[in-house]
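Tertiary structure, described
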Amino acid sequence: MAIVGSTASGKSAVALEVACQLGDVELVSIDSMQVYRGMDIGTAKPNPAERSDVEHHLLDLVEPTVDFTVAAFRDAYAEALAQIVRRDHRALLVGGTGLYHRVVIDDFDLPGQWADVRTALEADEDTASLFERLRTLDPAATGKIEPANRRRIIRALEVTLGSGRPFSSFGPGVDDYQPSDVVQIGLRWPRDVITARIAERVHLMIGGGLVAEVRALTDTGFSRTAAQALGYKEILEMLEGRMSEDEAVAMIITRTRKFAVRQERWFRRDPRVRWIDVEHDAVAEAAPIVIEAFTA
C-alpha cells in the first residue's frame, strides 16, 4: 500500500494514523531527502515521538555529504521490506519522490554509474550543447527531459556513453504503467489550499529552527544531491549573503509550490492511483479509506 501526493498534502499524518490504528503496519519513507541524517526540519521528517510510536524505515541512511542514488535507495528498500515481512507486518509506503516510488513499485532495471564519464561531462558548462549531444545519441530520452535540467541530461549521457546503450532503453520507462500489487492512494487538495498549506509549513520550519539546522550542517558540507533539497538550497544562499532571510523564505515558498505542481502531475499520470479529493482534514477524510483498502 502507498500514499502519494504533493508536499504538504498530509501524507505522513494519514500514514501515521493508519499505522497506529492497525498496529501491524510499518511506514516506509519514499523520500529522496529524508535519507540524510541531520536534515530533519526542512524535510519534514517524523519527530522522535512519532518514530517511537510506529516503526519507520529509510530515514537517516547516510550523511548529507553523500551523493545518494536511486539504485542505493532501491537496495535499502528491499532490505527494509524483508525486515517487515520477517515480522509478519505490512508496509505502508509514504512520500512524494515520484521516481523512487516507481522504482520500488515497478522494480525498474536501473543502469550503473561511470564516474569518469560523468566528470568529463560536468566539465562542459554548456548545458544546451549537452542536450543536443543527447538528442543525437538518444532522441527518446530528450523527449522526456527538460532542456534546462542539467543534472538529468548529464546522467542520461553518462549512462548512454558508459553503457554503450541508450539511457531510454533501461527499464520499461516511466510512462509504462503495468499492473501492480501495490495499491496507491493519492491525496489531492484544491490548488489554492495546497498553496496556503505550503506557505504555512515553510513558516513553521523557519520558526522551528531551519536556519540553525542548515548552519550546523555547513561545517561538514552538502553533497551535490543534498544541496538541492528545497529549503536547504535557499538557506545556504542566504547564509552566503546572496539574499535576505525574507527573500529566502519567499523563494522557498515559490519553489516548493512549483515542486508540488510537478509532483501532482507526476502522480496524476499514473492511472493506478486512486485519488481522494480532500476538503478539510486529510486524516479524517483519508485514513478510513486507506484502512478499508488495507483490510479489503
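A few points on the structure. (Residues numbered from 1 in each chain as written. Predicted model: local features only at pLDDT ≥ 70, side-chain atom pairs only at ≥ 80, totals over all residues. Heavy atoms only, no water.)

Running from N to C, helix 1 (residues 11-22) and helix 13 (residues 282-295) cross one another at 50 degrees; their axes reach a closest spacing of 9 Å. Here helix 13 runs oblique to helix 1, going by the angle between their axes. Pair helix 1 / helix 13 crosses with right-handed handedness. Residues A13, V14, E17, V18, Q21 and L22 of helix 1 touch helix 13, and the partners they reach there are A282, V283, A286, A287, V290, I291, F294 and T295. Among the residues making up the contact of helix 1 with helix 13, the classes are represented as eleven nonpolar, two polar and one charged. (Axes fitted to C-alpha atoms, helices over the stretch in contact; angles between N-to-C directions. Helix = DSSP H or I, 4+ residues; strand = E, 2+ residues; numbered from the N terminus. Parallel < 35°, antiparallel > 145°, perpendicular 65-115°, else oblique. Left-handed = near helix turned anticlockwise from the far one by under 90°. Contact = heavy atoms within 4.5 Å. Nonpolar A, V, L, I, M, F, W, Y, C, P; charged D, E, K, R; others polar.)

For L99, the location among the structural elements is in helix 4 (residues 98-106). It is 9.4 Å that separates the C-alpha atoms of L99 and I30, two residues lying 69 residues apart in sequence. With residues near it in sequence (within four places) discarded, L99 still touches V174 and W266.

Enumeration over the complete set of coordinates arrives at two aromatic pairs. Between the aromatic rings of F73 and Y100, the centroid separation amounts to 4.6 Å while the plane-to-plane angle is 45 degrees, which identifies the pairing as tilted. Taken together, the residues span a long stretch of sequence, with F73 in helix 3 (residues 70-86) and Y100 in helix 4 at a distance of 27 residues. The exposure classification of F73 matches that of Y100, with both residues buried. With a centroid separation of 6.3 Å and an interplanar angle of 55 degrees, the aromatic rings of F222 and Y232 are classed as tilted. (Phe/Tyr/Trp six-rings, centres within 6.5 Å; stacked < 30°, edge-to-face > 60°. Buried < 20%, exposed > 50% of the residue type's maximum accessible area, 1.4 Å probe, protein only.)

Before going further, it helps to spend a moment on the nonpolar core. Grouped together as the largest cluster of nonpolar side chains are 66 residues, with contacts concentrated most on V14, L92, L93, F222 and I235. Leave out the neighbours within four places in its chain, and V14 touches I3, L187, A282, V283, A286, A287 and V290. (Core = buried A, V, L, I, M, F, W, Y, C linked by side-chain atoms within 4.5 Å.)

Moving on, we come to the packing of helix 3 against helix 4. Taken N-terminus to C-terminus, the directions of helix 3 and helix 4 make an angle of 50 degrees; their axes are 10 Å apart at the nearest point. Taken as axis vectors, helix 3 and helix 4 run oblique relative to one another. Crossing of helix 3 over helix 4 shows right-handed handedness. Residues V70, F73, R74 and Y77 of helix 3 pack against Y100, V103 and V104 of helix 4. Classifying every residue of the contact of helix 3 with helix 4 gives six nonpolar, no polar and one charged.

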